[in-house]
Amino acid sequence: VSSAWSSMFCLCSVLLSSGLVASGRGLFASVPSTASTSALLDRRQLLQLPVAALPLAAALAAAPASAAVLAGYGAKLNIPDAIKVKIIKAKGLRATVRQSAQNRRSLPMDPTPGVNNYASLTDEVQRTKTIVLLPLIAALKELTKSEAAAELPEEQRKQLKEQPLLLKGHVLELDQALKELKFDEYKSKTTGAIYPGGKVERELEEVCETLDDFVALAAGQVVEERDGTQ
């Protein structure tokens, strides 16, 4: 077990330090200019990652990467490892909500009006919002003020600055979903997508999509405007 964890630790360290972590539509990317500039993450940071993030990193490592694609990533705006870790935790939170809400419904539910049958999950989302999502909003806003961000093409630079504002809006929508205890399974009327974690999961999906867009824009890529359909 110790050997397996050690291997996973090294794998995740390399992936995170080189920016090669993917989830959903985006890649977290900041390829260092030389191997000597790539520093491994602190062991404590990796120990704090959600378990859901580890198979994701392992699966990515097993897939061959295109050198042409990698060469274009991270050239415009370097994203610090501390922010990458928070992005992974944000994505892990959505996975937690999705699975935990389903698990809770497999147990007896209290029918008393006003009772929060998802109390522990609500607390977990609130805690992660405080220590991950809110600091991310501030950190991304600071990145948009960097000299590297100023070198991006005008339209991409404009979109980059919009992402922290969009992220803040999604967090406010998340607050509303939590207030209304929206953990029951939800089906989107426009896309037909099913969210076992309810509208709370849907709002977290939008958080993750915004983070993906920020990373893509930081790499100098074009990002299409999302329609925000529910």
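As a convention, each chain's residues are numbered from 1 in the sequence order in which they are written. Local features in this predicted model are restricted to residues whose pLDDT is 70 or higher, and side-chain atom pairs enter the listing and the counts only when it is 80 or higher, whereas totals over whole chains, interfaces and linings include all residues. The basis for every side-chain value is the complete set of heavy atoms in the structure, and neither hydrogens nor water enter the calculation.

All right, on to helix 8 (residues 154-179) then. If you check helix 8, its first and last C-alpha atoms are 39 Å apart, about what 26 residues at 1.5 Å a residue would give, namely 38 Å. The quantity called bend is, for any residue, the angle between two axes fitted respectively to the seven residues ending at it and the seven beginning at it. Numbering goes from the N terminus for both helices and strands, where a helix is a DSSP run of H or I of at least four residues and a strand is a run of E of at least two. For helix 8, the principal kink sits at Gln163 and spans about 30°; a proline, Pro164, occurs within the next four residues. Burial classes follow relative accessibility: with a 1.4 Å probe on protein chains only, a residue under 20% of its type's maximum area counts as buried, one over 50% as exposed, and anything between as partly exposed. If you check which residues of helix 8 are buried, you get Gln156, Gln159, Leu160, Gln163, Pro164, Leu167, His170, Val171, Leu174, Ala177 and Leu178. Residue contacts are defined here by distance: any two heavy atoms, one from each residue, within 4.5 Å place the two residues in contact. The inward-facing, buried residues of helix 8 contact helix 6 (119-143), helix 7 (147-150) and helix 9 (198-218). Following helix 8 by one or two positions, Leu181 adopts a phi angle in the positive range, close to 55°. Each helix should span, by expectation, one fewer than its residue count multiplied by 1.5 Å.

In this description, an aromatic ring pair is defined by two values, namely the gap between the centres and the angle between the planes. Only Phe, Tyr and Trp rings take part, Trp by its six-membered ring, and two of them pair if their centres are within 6.5 Å. Stacked means planes under 30 degrees apart, edge-to-face means over 60, and tilted covers everything else. Evaluated as defined, the whole model comprises two aromatic pairs. Ring geometry for Tyr186 and Tyr195: centres 6.0 Å apart, planes at 25°, overall stacked. Assigned by exposure class, Tyr186 and Tyr195 land together as buried.

Taken N-terminus to C-terminus, the directions of helix 5 (residues 81-105) and helix 6 make an angle of 150°; their axes are 10 Å apart at the nearest point. One way to sum up the angle between helix 5 and helix 6 is to call them roughly antiparallel. The interaxial crossing formed by helix 5 with helix 6 has left-handed handedness. Contacts from Ile83, Lys86, Ile87, Lys89, Ala90, Leu93, Thr96, Val97, Ser100 and Ala101 of helix 5 reach helix 6 at Leu121, Glu124, Val125, Thr128, Ile131, Val132, Leu133, Pro135, Leu136, Ala139, Leu140 and Leu143. Among the residues making up the contact of helix 5 with helix 6, the classes are represented as 16 nonpolar, three polar and three charged. Convention adopted: a line fitted to C-alpha atoms gives each axis, helices being fitted over their contacting stretch, and angles between N-to-C directions are expressed from 0 to 180 degrees. Note that the term roughly parallel is reserved for angles under 35 degrees, roughly antiparallel for angles over 145, roughly perpendicular for angles of 65 to 115, and oblique for everything else. For any helix crossing, the convention is left-handed if the near helix is rotated counterclockwise from the far helix by under a right angle, and right-handed if that rotation is clockwise. Residues are sorted three ways: Asp, Glu, Lys and Arg are charged, Ala, Val, Leu, Ile, Met, Phe, Trp, Tyr, Cys and Pro are nonpolar, and all the rest, Gly among them, are polar.

Tracing the backbone shows Leu77 in the loop between helix 4 (67-71) and helix 5. Judged by relative accessible area, which is 3%, Leu77 ranks as buried. For the pair Leu77 and Ala150, spaced 73 residues apart in sequence, the C-alpha separation works out to 9.5 Å. In this structure Leu77 touches Leu143, Ser146, Ala148, Ala149, Leu160 and Ala218, once residues within four positions along its chain are discounted.

A side-chain nitrogen of Lys or Arg and a carboxyl oxygen of Asp or Glu constitute a salt bridge if their distance falls within 4 Å. The full count for this structure, using the stated rule, is ten salt bridges. Across the pair Glu205 and Arg94 runs a salt bridge, and its minimum N-O distance is 3.3 Å. Of this pair, Glu205 sits in helix 9 while Arg94 sits in helix 5; the two residues are 111 residues apart in sequence, bridging distant segments of the chain. With its nearest N and O atoms 2.9 Å apart, the salt bridge here joins Lys129 to Asp175. Here the residue Lys129 occupies a position in helix 6, and Asp175 occupies one in helix 8, the gap between them amounting to 46 residues.

A few words on the nonpolar core. As a rule of thumb, nonpolar side chains are buried together in soluble globular proteins. In this structure, Val97, Leu133, Leu136, Val200 and Leu211 are the most contacted members of the largest nonpolar core, which totals 36 residues. For this core, the secondary structure elements donating two or more residues are helix 5, helix 6, helix 8 and helix 9. With nine residues, helix 9 is the largest single contributor of residues to this core. Contacts of Val97, omitting those with residues within four sequence positions, involve Leu121, Val125, Phe183, Gly197, Val200, Glu201 and Leu204. By convention a nonpolar core is built from buried Ala, Val, Leu, Ile, Met, Phe, Trp, Tyr and Cys residues, the set being connected through side-chain atoms within 4.5 Å.

This part is about a negative patch on the surface. Residues qualify for a patch when their relative accessible area is over 30% and they have no salt bridge, like charges being joined within 9 Å and the nonpolar side chains of Val, Leu, Ile, Met, Phe, Trp and Tyr within 5 Å. Computed with a 1.4 Å probe, the accessible areas rest on the Shrake-Rupley method; for each residue, only the protein chains presented here act as cover. Note that His is not counted, nor are the chain ends; the positive residues are Lys and Arg, and the negative ones are Asp and Glu. For the purpose of locating charges, the reference atoms are NZ of Lys, CZ of Arg, CG of Asp and CD of Glu. There is a patch of like negative charges on the surface, built from Glu154, Glu155, Glu162 and Glu225. In this structure, Glu155 sits in helix 8.

When you line up the elements, Lys182 lands in the loop between helix 8 and strand 3 (186-187). For Lys182, a relative accessible area of 34% puts it in the partly exposed group. Sequence spacing of Lys182 and Val200 is 18 residues, and the spatial spacing of their C-alpha atoms is 5.8 Å. Ignoring sequence-local partners within four residues, the contact set of Lys182 consists of Ala177, Gly197, Gly198, Lys199 and Val200.

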